[in-house]
Amino acid sequence: EKLIVLLVSDHDPAGMAIAESFGRSLRDDFGVETVHPVKVALTAEQVLEFNLPPGGKATDKNSSNRKEFIARYGNDVYELEALPPEDLQARLTKAIEAVIDRKLLNAEIDQEKADAAKLGAYREHVLAALREGGDSTDF
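Keep in mind the model is a prediction, meaning the values are calculated, not measured.

## So, the overall build of the protein chain
A count of helical and extended segments in the protein chain gives 5 helices and 4 strands. In sequence order, the secondary structure elements of the protein chain are arranged as β-α-β-α-β-α-β-α-α. Taking 2.2 N^0.38 as the reference for a compact globule, 139 residues should give roughly 14 Å; the C-alpha atoms of the protein chain span a radius of gyration of 24 Å, well beyond that estimate. Along the three orthogonal principal directions, the C-alpha set of the protein chain runs to about 75 × 35 × 30 Å. For the protein chain, with 139 residues in total, the buried portion stands at 22%. Of the contacts formed within the protein chain by residues at least 6 apart in sequence, a portion of 66% connects residues at least 24 apart. A total of about 9800 Å² of accessible surface is found on the protein chain, and carbon and sulfur atoms cover 54% of it. Distance between charge centres in the protein chain, computed from 17 positive and 26 negative side chains, equals 5 Å.

Now the structure itself:
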């Protein structure tokens, strides 16, 4: 029905570009019409919340949105790795839980189990027929 893409990237001009262009790229390059990109980390709010140290300055001259980034957030950039791993994991878990359809996921898991059991039965039937040299078409 829709594709939700959870993104993590540095808080810098390139990271901002990834978050903004990834959904557009999936739509334009792969024909995925209902893409909903969500940047889970690293956000400006998280930089403030965790009082993260700057990882440098926004000096990437090749970044087309460098000026926009600086106007919006200032000249400092922050590395995703500066966020404590347990906090990143907690944020990703929360984001996944917020978008996952548990009922649909459980139905898919049940169907996979049923398919695996059916394929296992077919496999056993074919292997038995091959061992016996018999006809394997009567299943």
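## Let's talk about helix H5 (residues 102-132)
Taking 1.5 Å of rise per residue, 31 residues should cover 45 Å, and H5 covers 45 Å from first to last C-alpha, within 8% of that figure. The N-cap residue of H5 is aspartate 101: its side-chain oxygen and the backbone nitrogen of lysine 103 are 3.2 Å apart.

## Digging into the pattern of salt bridges
Applying the stated rule across the entire model yields 6 salt bridges. In this structure, arginine 91 engages glutamate 49 in a salt bridge whose closest nitrogen and oxygen atoms are separated by 2.8 Å. Placement of arginine 91 in helix H4 (residues 85-99) and of glutamate 49 in helix H2 (residues 44-49) is noted, with a sequence separation of 42 residues between them. We note a salt bridge from glutamate 97 to arginine 102, for which the minimum N-O separation is 2.7 Å.

The rules behind each value
- Residues numbered from 1 in each chain as written.
- Predicted model: local features only at pLDDT ≥ 70, side-chain atom pairs only at ≥ 80, totals over all residues.
- Heavy atoms only, no water.
- Helix = DSSP H or I, 4+ residues; strand = E, 2+ residues; numbered from the N terminus.
- Rg over C-alpha atoms; globule rule 2.2 N^0.38 Å.
- Buried < 20%, exposed > 50% of the residue type's maximum accessible area, 1.4 Å probe, protein only.
- Contact = heavy atoms within 4.5 Å.
- Areas by Shrake-Rupley, 256 points an atom, 1.4 Å probe, with all protein chains shown as cover.
- Lys, Arg positive; Asp, Glu negative; His and termini not counted.
- Charge placed at Lys NZ, Arg CZ, Asp CG, Glu CD.
- Expected span 1.5 Å × (residues − 1).
- Polar contact = N/O pair within 3.5 Å; in protein donor to acceptor, adjacent residues only side chain to side chain.
- Salt bridge = Lys/Arg side-chain N within 4 Å of Asp/Glu carboxyl O.

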